[in-house]
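One-letter residues, chain by chain:
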Amino acid sequence: MAGDRYKGAAVSSGCAIGRAVIVKESAPDVSGARFSGAENERRRLDEAAQKYITSTKKLIASLKNDGRFDNAAILEGHLAMLADPFMLRRMKELIGEDSKTAEQAAEEVCSSFSRMFDASGDELTRRRSADVNEIKSSLINYLCGRGEEELFVPEDGCVLVAAEFTPAMTSRLDAKRVRALVGERGGATSHSAIIARSIGIPCVLGIENAASIFKDGETLIVDADSGEVLVSPGGAEAKHYEELAKKHTQSRLLDEKYARLPTVTKGGCVKKVFANIALPADAASAADAGAEGVGLFRTEFLYMDRESPPGEEEQLEAYLSVASAMGGREVIIRTLDAGGDKHIPYLGIPAEENPFMGLRAIRYCLKNTQLFKTQLRAVLRAAAQGNIKLMLPLVCTQGEVIAAKKLVLQCESELEAEGVPFKKGVPLGVMIETPAAVLISDILAGEADFFSIGTNDLTGYIMAADRGSGDVADLYDVQNPAVLRAIKIVIKNAKAAGIEVGMCGEAASLPELVPRLVEWGLDEFSVSPAAVAKTRRAVCGCP
């Protein structure tokens, strides 16, 4: 109804006005599928998987040709998941053991993966659930002879409204014709949000029943700064939002100018804007976005969606591919951060009442030294060919850093004895993401070569607030004085010890916080690839 307002989550900033186009969901009906024999069902599954792979590879090539590397990296992640031998093998086992049709097997296996990822408290892990669901949908579409559905956009300047925007859907849309996205499902770290940010489209998600509330053709104003969607406003209100939309377009164009500029403040102070990545394929997005390095490579994703940990050679290949994509720029590899909200079944981490404070990250690695040394050896070998640093997660004590350094020395001795090329003295950093690490940061600075402040976990631990809980969302605030004081202490102690200090949490890209971080002496801002230009612009605008 005209004049109505609806509140959702603002996930890609800006303001836009356009006519609504409702994207209807139309999942194929597979209730009539009948088992045609194990051999034939397996053949059908293989053919559907191959069609999906071929179609997705073509789409990835097209996206890269258009410079849309964020989108391409997400879809490359889908192919990597489907390439996992466990996924297709388990589907074929169900076909043979339980006489499941190919459609039923795909549904059951993918849904099982999806539930596992959904159960995680980590938003990055939950994002994998959407990936699996899209793979499932695509496989079933091909099994039903439908193929991938194209996203139909009938006119320029429209606002697309859907229950959920999948990566394939958003990758196929013509960004020049779409002014904004409005969806029912998804959050700030969902793939639809990442893609919307990467192409500069305002996006509001989390509006319940959006695809039913809004009607085709009605005028929508999407205020993706406040998270509001307005229906057919008139008069002064409409004029106000028209001005906001114009300013958003101008600001985005200005951000893009900073993608290739050096990061230097107005006062001549040189800083660095790096990117956070989760998969090797993300490195291309980081480099294309103008990142001066990788400030956080979350290696736990190399360990997920499989039945056993990656070996030394496999990890070496992954680390070298990132180093190569970054072309000699610095790459900081965070060692395995498993446990807590990152459930990896085969690691055998026991169920705990409070896994965030249990056996996880560096604690787990120091109790499973062979697993840890496999990763350390791969990093040391990769460092011989790339500009690579090591970083330890969830450090709480000086002893943890000392123990890790001893293992690094052991790995160096073993590699030297084996005659395997590696780099000695790879810089070792510490993630400051616990109150304990903050309070002994002066001591840790004597053991570490650099610090990186992980504001996501640090904020949660300091404020005793779960960032996934809406009931305490007001407490989960990086700009709370308690969190800001902790950050200032860490930077001060790093400077006193003469080591570099960066930040790899979401706070590093907040324009309102950047001037304060520059003033305190933060050296490096590590953000999502999509936020590189915006963050550099904010840093360059500081005195």
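Quick caveat, the model's predicted, so the values are computed rather than measured.

**Q** An account of helix H17 (residues 455–463) is requested, with residue identities and associated values reported.
**A** Of all the 9 residues making up H17, 8 are buried; the element is thus mostly covered by neighbouring parts of the structure. Buried residues in H17 make contact with strand S13 (428–432), helix H15 (435–439), strand S14 (450–453), helix H18 (481–497) and strand S15 (500–503). Of the residues one or two after H17, Ala464 is the one with positive phi, at around 50 degrees.

**Q** Now, about the side chain of Thr455: what can you tell me, with residues and values included?
**A** Among the secondary structure elements, Thr455 is positioned in helix H17. Not counting the four nearest positions on each side in its chain, Thr455 is found in contact with Tyr476, Val478, Ile487, Met503, Gly505, Glu506 and Ala507.

**Q** Any details on the sheet that holds strand S2 (residues 9–12)? Residues and values, ideally.
**A** Ordered by their spatial adjacency, 8 strands build an open sheet running S1-S8-S7-S3-S4-S5-S6-S2, and the pairing between neighbours is mixed. Where the open sheet ends on each side, the last strands, each with one partner, are strand S1 (5–7) and S2. Strand-to-strand twist of the sheet, defined as the mean angle between neighbouring strand axes without regard to direction, takes the value 30 degrees. As defined by bridge partners, strand S3 (residues 15–23) adjoins strand S4 (residues 158–162) across 5 bridges and the pair is classed as parallel. Looking across to S4, one finds that Val23 is bridged to Ala162.

**Q** I'd like to hear about the environment of Ser232, residue by residue, with values.
**A** One can find Ser232 in the loop between strand S8 (228–231) and helix H9 (235–257). Distance from Ser232 to Ser129, taken between C-alpha atoms, is 35 Å for residues 103 residues apart in sequence.

**Q** Could you give me a rundown of the pairing of strand S5 (residues 178–183), with the residues and numbers involved?
**A** Burial analysis of S5 places 5 of its 6 residues in the buried class, which makes it a mostly covered element. Pairing analysis gives 5 bridges linking S4 to S5, with the strands arranged parallel. Residue pairing across strands places Val159 opposite Ala180, the latter belonging to S5. Of the pairings in the sheet, the one linking S5 to strand S6 (residues 203–205) comprises 2 bridges and is parallel in character. When the bridges of S6 are listed, Leu181 appears paired with Cys203.

**Q** Describe in detail the packing of H9 against helix H20 (residues 532–540), supporting the description with residues and values.
**A** Contact geometry of H9 with H20 gives a least axis separation of 8 Å together with a crossing angle of 85 degrees. In this view, H9 runs roughly perpendicular relative to H20, as classed from their interaxial angle. Residues Ser251, Leu254 and Asp255 of H9 form the contact with H20, whose own contacting residues are Ala533, Lys534 and Arg537. Grouping the amino acids of the contact of H9 with H20 by side-chain chemistry returns 2 nonpolar, 1 polar and 3 charged.

**Q** Please set out the environment of Ala283 residue by residue, giving values where relevant.
**A** When you line up the elements, Ala283 lands in helix H10 (residues 282–288). Sequence-distant contacts of Ala283, defined by excluding residues within four places in its chain, comprise Ile277, Val322, Ala325 and Met326.

**Q** Kindly report on the packing of aromatic side chains, identifying the contributing residues and their values.
**A** For the coordinates displayed, the defined rule picks out 2 aromatic pairs. For the ring pair Tyr6 and Phe214, a centre distance of 5.2 Å and an interplane angle of 85 degrees mean the geometry is edge-to-face. Here Tyr6 is found in strand S1, whereas its partner Phe214 is found in the loop between helix H8 (210–213) and strand S7 (219–223), with 208 residues between them in sequence. Ring geometry for Phe297 against Tyr319: centres 6.0 Å apart, planes inclined by 85 degrees, an arrangement best described as edge-to-face. Of this pair, Phe297 sits in strand S10 (residues 293–298) while Tyr319 sits in helix H11 (residues 312–325); the two residues are 22 residues apart in sequence, bridging distant segments of the chain. Both residues of the pair, Phe297 and Tyr319, count as buried.

**Q** Could you give me a rundown of the sheet that holds strand S11 (residues 330–334), with the residues and numbers involved?
**A** The strand order S9-S10-S11-S12-S13-S14-S15-S16 describes a closed barrel built from 8 strands, whose pairing is parallel. Averaged over all adjacent pairs, the angle separating strand axes in this sheet is 25 degrees, with direction ignored. Of the pairings in the sheet, the one linking S13 to S14 comprises 4 bridges and is parallel in character. Within S14, the position partnered with Gly429 by the bridge is Phe450.

**Q** Describe the nonpolar core, listing the residues and the values that go with them.
**A** Within soluble globular proteins, side chains that are nonpolar generally end up buried alongside one another. Counting residues in each nonpolar core, the largest one holds 92 residues, and the members touching the most others are Tyr319, Phe451, Ile453 and Ile487. Tallying contributions element by element places helix H13 (residues 369–383) first for this core, with 8 residues. With sequence-adjacent residues up to four places away left out, Tyr319 is seen in contact with Phe297, Thr299, Leu302, Ile333, Gln375, Ala378, Val379, Ala382 and Ile388. Core analysis: the second largest hydrophobic core is formed by 30 residues, Leu45, Tyr52, Met87 and Cys110 among them.

**Q** Give me the lowdown on the pattern of salt bridges, citing residues and values where you can.
**A** All told, the structure shown has 32 salt bridges when counted by the stated rule. A salt bridge links Lys136 to Glu107; its shortest N-O distance comes to 3.5 Å. Residue Lys136 is found in helix H5 (residues 123–143), and its partner Glu107 is found in helix H4 (residues 102–118); the two are separated by 29 residues along the sequence. Of the residues examined, Lys136 reaches a relative accessible area of 15% and is grouped as buried. A relative accessible area of 35% places Glu107 in the partly exposed class. The partner of Lys272 in a salt bridge is Glu500, with the nearest N and O atoms 2.9 Å apart. Taken together, the positions of Lys272 in strand S9 (residues 272–277) and Glu500 in strand S15 put the pair 228 residues apart, joining distant regions of the chain. Judged by relative accessible area, Glu500 falls into the partly exposed class, the value being 37%. The structure contains a network of salt bridges with shared partners spanning Glu312, Glu313, Lys373, Arg377, Arg381, Glu414 and Glu418.

Reading guide: rules and limits
Residues numbered from 1 in each chain as written. Predicted model: local features only at pLDDT ≥ 70, side-chain atom pairs only at ≥ 80, totals over all residues. Heavy atoms only, no water. Buried < 20%, exposed > 50% of the residue type's maximum accessible area, 1.4 Å probe, protein only. Helix = DSSP H or I, 4+ residues; strand = E, 2+ residues; numbered from the N terminus. Contact = heavy atoms within 4.5 Å. Pairing = 2+ DSSP bridges. Axes fitted to C-alpha atoms, helices over the stretch in contact; angles between N-to-C directions. Parallel < 35°, antiparallel > 145°, perpendicular 65-115°, else oblique. Nonpolar A, V, L, I, M, F, W, Y, C, P; charged D, E, K, R; others polar. Phe/Tyr/Trp six-rings, centres within 6.5 Å; stacked < 30°, edge-to-face > 60°. Core = buried A, V, L, I, M, F, W, Y, C linked by side-chain atoms within 4.5 Å. Salt bridge = Lys/Arg side-chain N within 4 Å of Asp/Glu carboxyl O.

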